[in-house]
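Here is what each chain is made of, one letter per residue.
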Amino acid sequence: MYKIVQILKQIMPFLMTLFLWRLSVYFWNPAGILCLIPVFYYTFVRPVDYFAVFALVFCFLIDYRCNLPLFWTSLFCLCYAINGFQNYTDFQHTDNNAIYAFMGFIGIGIFLLIIYGFSWINLVNNIWLFVWLSVLYTPITAIDNWVKS
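Just so you know, the residues in each chain are numbered from 1, in the order the chain's sequence is written. Only residues with pLDDT of at least 70 are given local features in this predicted model, and only at 80 or more are side-chain atom pairs given and counted; all residues enter the totals for whole chains, interfaces and linings. The basis for the side-chain values is all heavy atoms of the structure; hydrogens and waters are excluded.

A. Fine view of the overall build of the chain. Secondary structure elements are taken from DSSP: a helix is a run of H or I of four residues or more, a strand is a run of E of two residues or more, and numbering for both begins at the N terminus. On a plain count of helices and strands, the chain comes out with six helices and zero strands. Walking the chain from its N terminus toward its C terminus, one meets helices and strands in the order α-α-α-α-α-α. Its C-alpha radius of gyration of 15 Å places the chain within 12% of the 15 Å reference for a compact globule of 149 residues. Based on the C-alpha atoms only, the size of the chain along its principal axes is roughly 55 × 35 × 25 Å. Exposure categories follow from relative accessible area, calculated using a 1.4 Å probe and restricted to protein chains: below 20% of the type maximum is buried, above 50% is exposed, and the middle band is partly exposed. Relative to its 149 residues, the chain shows a buried fraction of 40%. By definition in these notes, contact holds between two residues if any of their heavy atoms fall within 4.5 Å. Counting only contacts in the chain whose residues sit at least 6 apart along the sequence, the fraction spanning at least 24 positions is 67%. For the radius of gyration, the atoms used are the C-alpha atoms, and the globule rule reads 2.2 Å times the number of residues raised to 0.38.

Okay, structure coming up:
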């Protein structure tokens, strides 16, 4: 039984990402964008072995569903490169599971999307998406803390 629990703890980040990507609903989770929460969290805040490649694939899948040519993928790669400079950024030792870093990551991406195709509907949708992702970041990361204990 102990072995099964250990295996479930190890594959939980992968299953959570897959579940949030498949749970795609237009208003609540367009193109499975909620999977950016575990992608960011398990790549930068609580790194999991081999998860960065998995996260890159899911960023590409979000881009594919949104018809954005490598937008979230390139933003993820840029953030991954910046995270390599541990002297300036250290997401692992920040308060509140690095929610402000996540909000910066998502905020930059959504701001660029607002500028790219400006319309009032696009502005309202993207602001809603930013608020929704920011609000759901804490409960989803709390699930990880609950499973780990």
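Back to the write-up after that little detour.
B. Main features of the environment of glycine 84. Structurally, glycine 84 is set in the loop between α4 (71-83) and α5 (99-116). You can call glycine 84 exposed: its relative accessible area is 56%. Once the C-alpha coordinates of glycine 84 and phenylalanine 44 are considered, the two residues, 40 residues apart in sequence, prove to be 9.9 Å apart.

This is a description of form; function is not addressed.
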